[in-house]
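# Per-entry structural report
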Amino acid sequence: MKSFDTIVIGGGVNGLITAAFLGKAGNKVVLLEKGKSVGGLASTEQFAPGFHCNSVFDSVPWINSVLSTDLDLESHGFRFDDADTALSTPGTEGKTLSISPDTEATSRSIAQFSDRDAEKWPGFCEKISMLTDFLEPLYGITPPPIPELDLTSLLSMKPMIKPVRKHGRQNLVELLRILPMTMLELLDEWFESEPLRGTVAASGIRHLNQGPMAVGTVFNFLHHHVGSESICPVRFVSGGTGQLTDALQSAAETAGVEVRTKAEVSSVMLQNRQATGITLADGEQLTAGAVVSALDPQSTFHLVGTQNLTPRFRRRVKNIKFRGATARVHFGLKSLPQFDSLNEKALKSIVSISPSLSYVESSSDAAKYGQVSQEPWIEFSLPSLRESSFAPLGKHVLSATVQYVPYHLRGMDNATARQKLRNSVVAVLETHALGIADLIEHEQMLTPNDLESKFGLTEGNINHGEMMLDQFFFMRPTIDTAQYSTPIKNLYLCGPGTHPGGGLHGMNGLNAAQLVLKGN
Amino acid sequence: MPVDRKYDAIVIGGGHNGLTTAAYLARDGKKVLLLERRHVLGGAAVTEEIFPGFKFSVCSYVVSLLKPNIIRDLQLSRFGLELVPLESTFTPLEGDYLIRCADNDLTRQELYRHSPNDAEAYNKFGQTMSQIGMAVRPILNTMAPDPTKLGFSGARTLMDLGRHFRSLGSDKFEQLAKLMTMSSADFLDEWFEFEPLKATMSASGIIGTFMGPKSPGSAYVMLHHYMGEIDGVFRAWGFQRGGTGAVSMAIARSAEHFGATIMTEADVSKIITRNGHATGVALENGDEFEAQVVVSGLDPKRTFLNLVDASDLPEDFIQSVKNFRIRGSSGKVNLALDGLPDFTCLPGDGPHLSGAISISPDFDYIEKAYDDAKHGSFSKRPYIDIVLPSVLDPDMSPPGKHVMSCFVQYAPYDITGGWDDSKREAFGDTVVNALARFAPNIKDIILHRQVLTPWDIENTFGLTEGNIFHGELALQQLFFLRPVVKWADYRTPVRKLYQCGSGTHPGGGITGAPGEMAAKKILKEWR
Amino acid sequence: MSIQTQFTGSTSLKVTPFHKRTSVLNHSQEWRRWSGYLSATTYDLTHDVEYYSIRTKAALLDITPLHKYIIKGSDAGIFLDRLVTRNIKVCKIGQVMYTPWCDEDGKQIDDGTVQHLSENRFRLTSAEPNMEWLTHNAAGLEVDISEDSEVTASLALQGPSSRAILNEVADENIDQLKFFWLTERWIGDIPVTISRTGYTGDLGYELWTPKENALTLWDRLMEAGAPFGITPTGLHALDMARIEASLILLDVDYISAQHAAIDLRKSSPFELGLGWTVKLKKKDFIGRTALENDHRRGTEWQLRGIEIEWEPLETLYRKIGLPPQLPGMAWRTSTPLYSGNEQVGYATSGCWSPLLKKYIALAHLKTEYAKEGTPVQFEVKVEHFRKTTSARVVKTPFYNPERKRTCP
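This is a predicted model, so every value here is computed, not measured. (Residues numbered from 1 in each chain as written. Chains lettered and ligands numbered in written order. Predicted model: local features only at pLDDT ≥ 70, side-chain atom pairs only at ≥ 80, totals over all residues. Heavy atoms only, no water.)

### Quick notes on the packing of aromatic side chains
Each aromatic ring pair is characterised by the separation of its centres together with the angle its planes make. Let me state the cut-off plainly: By convention, a stacked pair of Phe, Tyr or Trp rings (six-membered ring in the case of Trp) has centres within 6.5 Å and planes under 30 degrees apart, an edge-to-face pair has planes over 60 apart, and any other such pair is tilted. Strands are runs of DSSP state E lasting at least 2 residues, helices are runs of H or I lasting at least 4, and numbering of each runs from the N terminus. Here the term buried applies to any residue with accessible area under 20% of the maximum for its type, exposed to any over 50%, and partly exposed to those in between, with areas from a 1.4 Å probe on protein chains only.
Applying the stated rule across the entire model yields 40 aromatic pairs over all chains. Ring centres of F78 of chain A and F80 of chain A lie 5.1 Å apart, and the angle between their planes is 70 degrees; this geometry places the pair in the edge-to-face category. Both rings, one in Y413 of chain B and one in W455 of chain B, keep their centres 6.0 Å apart while their planes meet at 45 degrees; by these two values the pair is tilted. Within this pair, whereas Y413 of chain B is found in the loop between β16 (402-409) and α14 (421-436), its partner W455 of chain B is found in helix α16 (residues 454-461), the two being separated by 42 residues in sequence. A residue is classified by how much of its surface remains accessible, and Y413 of chain B, at 15% relative accessible area, is buried. You can call W455 of chain B partly exposed: its relative accessible area is 33%. Through a chain of ring-to-ring contacts, three or more aromatic side chains come together here, namely W121, F124, W190, F191 and F221 of chain A.

### What about the domain arrangement of chain A?
Residues and elements named next belong to chain A. Formally: The split of the chain into domains comes from an automatic or database domain assignment. It only takes one pair of heavy atoms within 4.5 Å for two residues to be counted as in contact. When two parts are brought into contact, each loses some accessible area as probed by a 1.4 Å sphere; the total of that loss over both is the buried area.
Segmentation of chain A into domains returns domain 1 (2-80 + 240-321 + 458-519), domain 2 (86-223) and domain 3 (325-406 + 408-446). Inter-centroid distance (C-alpha atoms) of domain 1 to domain 3 is 29 Å. Contacts between domain 1 and domain 3 engage 18 residues on the former and 23 residues on the latter. Together, the buried faces of domain 1 and domain 3 total about 1,400 Å²; carbon and sulfur atoms form 61% of this surface.

### Considerations on the pairing of strand β2 (residues 37-42) of chain C
Residues and elements named next belong to chain C. Rules: Strands were regarded as paired on the criterion that DSSP finds at least two bridges between them.
Burial analysis of β2 places 6 of its 6 residues in the buried class, which makes it a mostly covered element. Where strand β1 (residues 30-34) meets β2, 5 bridges bridge the pair, whose relative direction is antiparallel. Of the residues in β2, the one forming a bridge with E30 is T42.

### Examining the environment of Q499 of chain B
Residues and elements named next belong to chain B. Looking at the element boundaries, Q499 is found in strand β18 (residues 497-499). Using a relative accessible area of 1% as the deciding quantity, one classes Q499 as buried. When the C-alpha positions of Q499 and V295 are compared, they lie 5.4 Å apart, and in sequence the two are 204 residues distant. Dropping the residues within four chain positions of it, Q499 is found in contact with V295, S296, P300, F304, P483, Y490, T492, T504 and A518.

And the structure:
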């Protein structure tokens, strides 16, 4: 039986980061990935002969700078490609709204729709950046156990002093006021023009099962802006999102981590409520002083065995909300489609179909009743315009993130849902690019059910658990596991299901690695 | 009656909170004048004989949350407070029904019929909620601190709260954290499985709000309503004999007993200030009254955007008041009936008619009702909370006849194209049709019908946008954020002007709490 | 002088399958609620005949309101073993075990019996509904749990003549049925599970049969039992018998951890005198870690039997010119116990034992006062005034006849 200091389960961004940092600290680490290669949600893959796509994430808005410096990711081939990034939204009368890091340019673009909004834009950017200033240090700390706060855990909140000093207590209270708001309420306080409201609101519903009129969407909105310099941030990884995980793998291996692919874990071995190792699907057993899971909490504890959890903890795990509502769609296109109002620059970056806040809200209605949105919110890009290697010469790839397609379907099976998803996406795209339907050569539809089976995501939730206020900070993933440790001794969590939640920022993996090191 | 021109305190608005403040101030020996715009007292807690012989609790219709210490302090039972408990909650369904009553065994038996799990979970749930309610109650009774500049007492308040939460233990704290953030549907899903039960229970999470049961934040509103149920005892919900107005009348009589002067048909047009101090009020008819202290029981928007001169208020305060969410979402249909409604699923008379009747067959029904409202129309199939006060209090209607009060959601204030007479009637028809689905005889026994849209509620009762809570019970509008941060302790930027309405902490419902706490704050600061 | 009046009435409460018989026999018309059922407290106008029938003849009690669950499936044994504190793995087919079960903090939720009916098939009885707790803890195991409460009717036949009566009616003699074992028998053409269990601490049996057979079974027992003095018996008499036998009652002697409002109200089996049921050698069961701590550190409280001494009580009453006023029935009001000026415990139920001629009670005592023989002061109200009188901690059960466990 092979023995390690640490076993990391799952080769996504967070698993790789945890493994790399533990390896760097001198631990003997093995990382086990079920798939053919590492990457998880941050992979780039071929979905049809000659056609490549970023599986789930086209853009990586924020990576904690500690990661890129400490792991020296650039030397492992990772680089951002920040040329011409903007989030564009086709508006009415052929006008296009374009939100970019250039505040002035964005204001000019907004002015096409409303002078008042254009004037308010810089103030809004400042406000959001001020609010996320409070969250950023919060994301780097292990949540204290609440309500049993002791002095040590209070002291761990020390990084929070800096933003409070910088912005004043009054603004901390402002954060408390704004955090539980709905995007509708926030935007009512600021803007009037619908394409702007719709597009900013869409940033608040990403991967949620809720529309912008729901409480918690402002929190989700802020979450997506932590660490970023602009509103509705878009950032591409040069060569495709998969380059990030490739670089992380290389960094991990440099740090001495053994990365095993096609290694599916079938159970976590226990002895007296302690994790002692894992059993692979092929029966091989590996032992270790610590097991760290980058899988979502439910999948993780499934490996432990429900019957091995105490009644209270079992109830808590059962009550974690997943309910994925995001679908991914990849089209291999014969040629570049002709969009009415979007130029190539816009198509090279990211386009959001969000003409109004109520459009986005309406698209969320269907999901509540287990139906696929007929007019969904779509965010798409044509990665082949940036990376010519993504498609055969002259051909193109269109990848879209689509909401809402519920995981819990009513009155239909997944195949029907997939068909409905295709129909709605094509119908919406047709209104902006007539004839696009005829250009489709290849396609891949990933509903939450498909995401679940493809990536092992419980209920297809990309964030490993809804990013809502009831699953935030000391409540993520449960009130007794928010410190990356679990009731099973020597078993740790490091995935997006933990604080500070979903995305490719890698904070979960980083925080968890620090905790595991302390535990050792 | 000759009236003095000078008082210690003037209270604007004769709703139950204004009356409570007036009574407490008078009880302390202050010379108090209370001014009510309408000819009747009570604000939204009012009884009116709308049709000859038929008396209605026109607006607010059940009493549960009225604080017991107010009943004691103001000797309300001596002045006519008489509460009759509601006996049951009845949810008619297609071909079946759900009825919960005061008796534990019977309720368990009934729930067991639908779901053994729910029968077991029900008591535990009630217990958990009442314990959390008990844990939150001290917060409701705490003067909200100003978190932007925590003085010694503010810091102590927060520390006390911290200690208080710690004493809850992690299980209850977890439940509390969930209640503060989740949707009532999600929260109830963690406990129960029978949809009509969950839907009916979730309804208390949407009352008076612009949220559906699946909207996060609605669980808190549910908790807010549980607060009145001491020990989880269902019987705490009750009617006032003579209608809800009699509650207000009891407080008014108490206030008068303590020496307060009450004037009706006295419409305040302006709060008079001098050097940033409130010094009195001016009425629509030109009369002016002077006082050392002015207290407004109106909602924050009415108070600050209509009665106070903008130049007396800081700009960011005005902006905050404008940002205060106060969307009305409910309507009221009051019916005078020739007999009792006959429910298809449970025909004839019975205990199910002497409690609350809830048209809430499942989550989807209510959620779809919300979807309609969210997109700018009244619900095509609304959630309705019905009571028949005349069954418990025969004085409310002529013999053999009945009054039926229907609280309806959703009827948004901002309806596409605005409300008008024909939409009001269409709304009334919709409600009657929704009732007829379960009690088909209803159409034949309606003698009179009064329909109140949020516009009517605004115009008649002076509630901005028809919001029954003077401001939505959303997380960002609670405690030290209600109505405006820094001004959550009943004071206002205008010195000697205070607020005492539901728009202040701890919020709406016939609790009397804002009125009581405002009075205490005023008396503490009296110089 | 017997003038009979027929009562008719209606109830919204549930009635058991024996109600057609019990309602006619209930001359006192005294009923109590038991798990939502109407349950006779005494059939006769006073309960002493019923009490004596338990101890001297045979008492027939309708115990249908007990909650019952059938647990089956290949993991049924494992499941129960994880659920309860006793070692179910050693419970053979045909055996019955009394056991408490706890939450993960080691606080008692309920207590009842586990009947091993056949291969991978058990019946669990409990005082309160436990379905939610059972299903929650069955997750991940091959177990099917079904509600048996509404399906199976049950009777307790308790008292020295109970065996003889059953031998009279059963297809086969039950002489060799041992204490806490069960057997299947036919009574006429009714299949009946007979377990040698009960809540009286005497020789006795409990009978389990599909509810359709309820009336036939009742009639057959009453008919065959008549010569032996079989007596329909209500809850008042049972309550006295179970105190004599020192058998605790949920919601009276302890509160279920499932619905105790505060932690202070919860008890571990070690505090309830059930330490013997906690098998810490078992690898894992719910509450094990906490119970291990209890075992190691000892608990603050102990449930014990106390006996209120006769002489001081008599003296106390004599002072005001009365003979000792003894409770005619079992009482359930928490009663303080003192040592000097300090309250060191409280009695939760007690009665005058007509058989032992002793005033006895079950009491929670601080551990340092729980040793056998320790004197404590029992609070008693003598003509409206609170007094204390001497009591001492005694061995339980108060009454434990040999016939309870022996076979002829």
